[in-house]
Amino acid sequence: MEAEQNSGNFRESKHTNNGEKKKLKKKKSLIAFRFGCFKSQTSSPDRSSSSDGKPYMEMESVTSEDGQLPSHLVVMVNGILGSPEDWRFAAKQFLDRYPKEFLVHCSKCNTASTTLDGVDIMGERLADEVLSVVKRRPELQKISFVAHSLGGLVARYAIGRLYSSNPEHNPSEGNGDCRGDGSGSACLEKKSIVKIAGLEPMNFITVATPHLGSRGHKQVPVFCGLYFLEKTAKSTSWLLGRTGKHLFLIDEDKEKPPLLLQMVNDCGDLRFMSALQSFKRRVAYANVGFDHLVGWTASSIRRRNELPKRQQFMKNEKYPHIKHVEAPKAVNFQQEAEMEVKVNGLDANEMDEAMIRGLNKASWERVDVSFHKSRQRLLAHTAIQVKTYSINYDGADVIFHMIDNFLP
């Protein structure tokens, strides 16, 4: 409970006077954090703070004595009906570990009922929000995303919008004289410089994200594998607005396939897969069981016969709920380039296969998490994120595992 009590102590008003800031700088441990409410011009007053009146979170450690500013933007994205507060515990741990390097921005543009507006609209909002942060923080050089549940799909859409690739001419490392006239002029090679929101893409991490949607009765445990339950849920997906249509892959029209199927390829100006491939790491954390909203296959982007067996699970005292870690597999880009992912006129199983094949054009680290022996196992979907520490504290080791393997 100590971590939860401490979590209330890392807010410093942006109105703190200079004298107080100087005192904070003298502390040996940079554990005092500045919380700001990042407000876009389109934000309505009722969404400027969380339900308990606390401001939305944008956190950085106090500027060090040498004036160093954080250069790595970590964007945390909440899931359906969530809020920036859902990442409060994780954000604090990130800054405890990297007090000088990170600016942690807990996205606030999609909260509560606005998470029902659809993956595309939410993705556009997130992209605009990220661009606004980058615009006012010119010292930023790197960017990472950490997203929970539906937030993983929103982040995948947003990076497709934020992707840019510009050719850069660099002198060849050969022995030069490309002109052949003895002048010694070096050849110029074209090298593509890939950016996300103008920054170097580093980590893209999803936590219990329904990458394969919710269509297919074997994906969502709450349906108990019963087709009639999923059929009922599908017919009432309108309760979740456009988001429900996207999750159940029933948003297709005569000309375009469902959005989640579009997102396993580059789609016009939206470079979904190019953006995903540009990150140095892609990691999918998935609940093995007791996640009643997102199934193991959907969150780990695997076929059922690819899931690790129980006898393969490891015991790790440092991370007791991390049961299996699968290193990224090398992608045969020539083979994948020749593979055309068909997306029209597919049934549920074929849609799953198309999305798995499409998403595996990028290599993924897969981390399988189990709360089987935890008293919080029925809350696995929120425990894996530590949404509320007093309720979900058993998932803290998952956050520590994430941080220990994070590329700073």
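Per an unreviewed UniProt entry, the protein goes by the name DUF676 domain-containing protein and belongs to Papaver nudicaule.

(A) Molecular detail of unusual backbone geometry. We note that Phe290 has phi near 65°; this positive angle belongs to a residue other than glycine. Assignment of secondary structure puts Phe290 in the loop between β9 (281-287) and α10 (296-300). According to the relative accessible area criterion, Phe290 is partly exposed, its value standing at 30%. In this model, Ile301 sits at a positive phi of 55°, which is unusual for a non-glycine residue. The residue Ile301 is located in the loop between α10 and β10 (322-326) in this model.

(B) Expanded view of the pairing of β9. Among the seven residues in β9, seven count as buried, and that is most of the element. By the alternation rule, side chains of β9 split into Arg281, Val283, Tyr285 and Asn287 and Arg282, Ala284 and Ala286, which are all buried. Two elements, strand β8 (residues 200-207) and β9, share five bridges in a ladder whose sense is parallel. Within β9, the position partnered with Val207 by the bridge is Tyr285. Bridging between β9 and strand β11 (residues 365-369) involves five bridges; their strand directions are parallel. By the bridge assignment for β11, Tyr285 is matched with Val367.

(C) Layout of the confidence of the model for the protein. With 69% of its residues at a pLDDT of at least 70, the protein reaches an overall mean of 80. Ignoring residues within four places in sequence, the model shows residues 1-56, a span with pLDDT below 50, making 84 contacts including any to other chains. Ignoring residues within four places in sequence, the model shows residues 174-180, a span with pLDDT below 50, making eleven contacts including any to other chains.

(D) Region of interest: the pattern of salt bridges. Taken as a whole, this structure holds 17 salt bridges when the rule is applied. With its nearest N and O atoms 3.0 Å apart, the salt bridge here joins Arg281 to Glu365. Note that Arg281 is positioned in strand β9 and Glu365 in strand β11, a separation of 84 residues in sequence. Owing to a relative accessible area of 9%, Arg281 belongs among the buried residues under this scheme. Beyond isolated ion pairs, a larger network of salt bridges with shared partners links Arg302, Glu326, Arg366 and Asp368.

(E) Seen up close, the packing of helix α3 (residues 88-97) against helix α15 (residues 396-404). Two numbers describe how α3 lies on α15: the axes approach to 10 Å, and their chain directions differ by 40°. Judged on the interaxial angle alone, α15 and α3 are oblique. Classified by chirality, the crossing of α15 by α3 is right-handed. Each of Phe89, Ala90, Gln93, Phe94 and Arg97 in α3 lies in contact with α15, whose residues at this interface are Ala396, Ile399, Phe400, Met402, Ile403 and Asp404. Residue composition of the contact of α3 with α15, grouped by class: eight nonpolar, one polar and two charged.

(F) Molecular detail of α3. Burial of α3 is extensive: eight of the ten residues sit out of reach of the surface. Residues of α3 that are buried: Arg88, Phe89, Ala90, Ala91, Lys92, Gln93, Phe94 and Leu95.

Rules of the game
- Residues numbered from 1 in each chain as written.
- Predicted model: local features only at pLDDT ≥ 70, side-chain atom pairs only at ≥ 80, totals over all residues.
- Heavy atoms only, no water.
- Helix = DSSP H or I, 4+ residues; strand = E, 2+ residues; numbered from the N terminus.
- Buried < 20%, exposed > 50% of the residue type's maximum accessible area, 1.4 Å probe, protein only.
- Pairing = 2+ DSSP bridges.
- pLDDT = per-residue confidence, 0-100.
- Contact = heavy atoms within 4.5 Å.
- Salt bridge = Lys/Arg side-chain N within 4 Å of Asp/Glu carboxyl O.
- Axes fitted to C-alpha atoms, helices over the stretch in contact; angles between N-to-C directions.
- Parallel < 35°, antiparallel > 145°, perpendicular 65-115°, else oblique.
- Left-handed = near helix turned anticlockwise from the far one by under 90°.
- Nonpolar A, V, L, I, M, F, W, Y, C, P; charged D, E, K, R; others polar.

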